[in-house]
Amino acid sequence: MARARDPIADLRRIAFLLERANEATYRVRAFRSAAKALAGMPATELTERAGNGTLTELAGVGDVTARCVAESLAGEEPVYLRRLVATEGSDLDAEATALRAALRGDCHTHSDWSDGGSPIEEMALAAVELGHEYLVLTDHSPRLTVARGLTASRLRQQLDHVAKVNAALPEGFRILTGIEVDILADGSLDQDDDLLARLDVVVGSVHSGLKDERSKMTRRMLKAVANPHLDILGHVTGRMVSSRPAGVTGPGDRGHRARTRAESDFDADAVFAACAEHDTAVEINSRPERQDPPKRLIRRALEAGCRFAINTDAHAPGQLDWQRFGCERAALCGVPADRVINTWSAEQLVAWTQNRP
Ligand SMILES: [Zn+2]
Ligand SMILES: [Zn+2]
């Protein structure tokens with residue numbers, strides 16, 4: 001049977017697209033080297049090696065490139081290539097819409113208990129109107145004083161309050177308890193362990209020392225990701241792409257208003273590998289001024305096998321509708337719905353957070 005695709009051409013095409021996207025040289029080289037290593041090989045040997053898994057024995061061929069070759073030989077566009085092409089900016093409106101429709105809740109939101117602008121009840125009602133089945137309330141932790149982070153005692157009060165609010169909300173909807181806990185300089189989490197254990201969902205984010213040098217920031221993030229209480233790694237790079245999201249004015253956004261800010265420097269592959277190993281979800285933060293992580297890192301987290309949470313990080317009810325932005329970016333990177341934890345029901349989500357390794 002004639003081969004439907006040329007695997008060498010596919011490897012070269014991937015290298016080209018990576019270069020055009022200004023990716024790191026070593027990443028481009030992996031595909032160029034594999035193409036070079038395989039270019040002279042007879043088609044029969046190539047097919048045989050792809051079949052018995054011995055392509056990776058060749059110098060210059062790794063797991064990812066071998067997988068691309070196998071997919072090509074099977075007549076399929078390699079998944080890696082498909083994602084790259086998708087990220088080039090073709091119209092994925094339908095995919096983004098489908099992903100948004102699959103979301104059943106939001107795992108990162110703030111109320112006026114910390115730096116949000118509205119009471120918990122208003123946030124919850126807006127979520128009901130959007131068709132959500134749940135909203136995870138994740139106000140800040142004590143050390144983030146600029147955002148009026150909750151002490152352990154205020155968080156306990158909030159838990160009692162949420163129980164009362166839940167009793168009054170429509171059936172089929174509930175507020176899940178949570179926190180956006182600071183990842184401290186040493187990688188520990190800024191709240192008591194017994195409280196973290198009690199919460200339905202724990203988002204952990206870096207809010208300080210964002211300019212830490214690479215090895216320090218990597219260690220810090222790796223330690224947090226390995227913490228069994230941490231369910232979701234929030235706004236991974238800390239970048240700010242614009243000083244203020246369109247249409248956002250007034251109070252209620254203190255903790256998140258900032259000037260343009262570069263990404264933190266850390267070993268993303270190591271951090272995503274740890275997220276996959278510990279089954280910690282990577283947040284796709286929908287805030288227009290964050291757009292965090294950038295698309296090239298979403299693709300790498302996907303390759304690493306991570307789960308995702310598409311969150312708004314809303315500080316006001318209207319911002320709960322920002323999930324759309326995160327869905328667009330996720331769809332552009334080829335994130336499938338079954339890798340997104342907020343496509344689950346509240347029961348599934350809580351079962352996952354309570355039973356993670
Ligand atoms: Zn944050
Ligand atoms: Zn937040």
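Use the structure listed above.
The structure contained in this document is the topic of the report that follows. (Residues numbered from 1 in each chain as written. Chains lettered and ligands numbered in written order. Predicted model: local features only at pLDDT ≥ 70, side-chain atom pairs only at ≥ 80, totals over all residues. Heavy atoms only, no water.)

Time to look at the overall build of the chain. Looking only at helices and strands, the chain features 14 helices and seven strands. For the chain, whose C-alpha radius of gyration is 22 Å, the value lies close to the compact-globule estimate of 21 Å for 357 residues. On the principal axes, the C-alpha backbone points of the chain span a range of 70 × 40 × 40 Å. The buried share among the 357 residues of the chain stands at 53%. Put simply, 77% of the contacts in the chain that link residues at least 6 apart link residues at least 24 apart. (Helix = DSSP H or I, 4+ residues; strand = E, 2+ residues; numbered from the N terminus. Rg over C-alpha atoms; globule rule 2.2 N^0.38 Å. Buried < 20%, exposed > 50% of the residue type's maximum accessible area, 1.4 Å probe, protein only. Contact = heavy atoms within 4.5 Å.)

This part is about the coordination of the zinc ion (ligand 1). Surrounding the zinc ion (ligand 1) are the protein donor atoms Glu 180 (OE), His 207 (NE2) and His 235 (NE2), at 2.1 to 2.2 Å. A spacing of 3.4 Å is found between the zinc ion (ligand 1) and the zinc ion (ligand 2), which share Glu 180 as a donor. Pair noted here: Glu 180 is in strand 3 (residues 174-182) and His 207 is in the loop between strand 4 (201-205) and helix 10 (214-226), with a separation of 27 residues, a long-range link. Here Glu 180 falls in the buried class, since its relative accessible area comes to 0%. For His 207, a relative accessible area of 18% puts it in the buried group. (Donors = N, O, S within 2.8 Å, 3.2 Å for Na, K, Ca; no water.)

The relative placement of two aromatic rings is captured by the distance of their centres and the angle of their planes. Applying the stated criterion to the full structure yields three aromatic pairs. On the basis of an interplanar angle of 40° and a centroid distance of 6.5 Å, the ring pair of Trp 322 and Phe 325 is categorised as tilted. Among the residues examined, Trp 322 registers a relative accessible area of 11% and is labelled buried. Aromatic pair Trp 344 and Trp 352: ring centres 5.6 Å apart, planes at 70°, arrangement edge-to-face. With respect to burial, Trp 344 and Trp 352 carry one shared label: buried. Its guanidinium or amino end placed over the ring of Trp 352, Arg 356 lies 5.2 Å from that ring's centre, counting from NZ or CZ. (Phe/Tyr/Trp six-rings, centres within 6.5 Å; stacked < 30°, edge-to-face > 60°. Lys NZ or Arg CZ within 6 Å of the ring centre and 35° of its normal.)

Glancing now at the coordination of the zinc ion (ligand 2). For the zinc ion (ligand 2), the full set of protein donor atoms is His 108 (NE2), His 110 (NE2), Glu 180 (OE) and Asp 313 (OD), at a range of 2.1 to 2.2 Å. Classification of the site at the zinc ion (ligand 2) as irregular follows from its four donor atoms and the range of 81 to 166° in their angles at the metal. Going along the chain, you hit the donors of the zinc ion (ligand 2) in the pattern H-x1-H-x69-E-x132-D. (Tetrahedral: all angles 85-135°; square planar, octahedral: opposite > 155°, others 65-115°.)

Glancing now at the nonpolar core. Among the nonpolar cores identified, the biggest contains 58 residues, and Ile 175 and Val 335 are the most heavily contacted of them. Of all hydrophobic cores here, the second largest spans 22 residues; its members include Phe 31, Met 41, Ala 66 and Leu 81. (Core = buried A, V, L, I, M, F, W, Y, C linked by side-chain atoms within 4.5 Å.)

Before going further, it helps to examine the sheet that holds strand 2 (residues 134-137). The strand order across the open sheet formed by seven strands is 1-2-3-4-5-6-7, and the pairing between neighbours is parallel. At either margin of the open sheet sits one strand with a lone partner, and together these are strand 1 (105-109) and strand 7 (308-311). Pairing of strand 3 with strand 4 involves five bridges; the strand directions are parallel. By the bridge assignment for strand 4, Glu 180 is matched with Val 203. Of the strands in this sheet, strand 1, strand 2, strand 3, strand 4 and strand 6 (281-285) touch helix 14 (residues 346-355), which is tilted by about 35° from strand 3. (Pairing = 2+ DSSP bridges. Axes fitted to C-alpha atoms, helices over the stretch in contact; angles between N-to-C directions.)

Let us now look at the side chain of Thr 65. Tracing the sequence through the fold places Thr 65 in helix 4 (residues 63-73). Leaving out residues up to four positions away in the same chain, Thr 65 has contacts with Leu 11, Ala 30, Phe 31 and Ala 34.

The subject of this paragraph is the environment of Thr 151. Tracing the backbone shows Thr 151 in the loop between strand 2 and helix 8 (152-168). Here the alpha-carbon distance between Thr 151 and Asp 269, two residues 118 residues apart in the chain, equals 34 Å.

Moving on, we get to the pattern of salt bridges. Opposite charge on two side chains lets them pair, provided their charged atoms get close. This model, assessed by the stated rule, comprises 20 salt bridges. In this structure, the salt-bridge partner of Arg 49 is Glu 45, at a minimum N-O distance of 2.9 Å. Of this pair, Arg 49 and Glu 45 both sit in helix 3 (residues 43-52), four residues apart, roughly one helical turn. Where Asp 212 meets Arg 220, a salt bridge forms, and the shortest distance between an N and an O atom there is 3.1 Å. Of the two residues, Asp 212 and Arg 220, both sit in the buried class. (Salt bridge = Lys/Arg side-chain N within 4 Å of Asp/Glu carboxyl O.)

What follows is about the pairing of strand 3. Most of strand 3 sits inside the fold, with eight of its nine residues counted as buried. As paired elements, strand 2 and strand 3 share four bridges and run parallel to each other. Directly across from Leu 137, in strand 3, lies its bridge partner Thr 177. At this point the chain moves from strand 3, through helix 9 (residues 193-198), to the parallel strand 4, and the crossover so formed is right-handed. (Right-handed = clockwise from strand over helix to strand, strands pointing away.)

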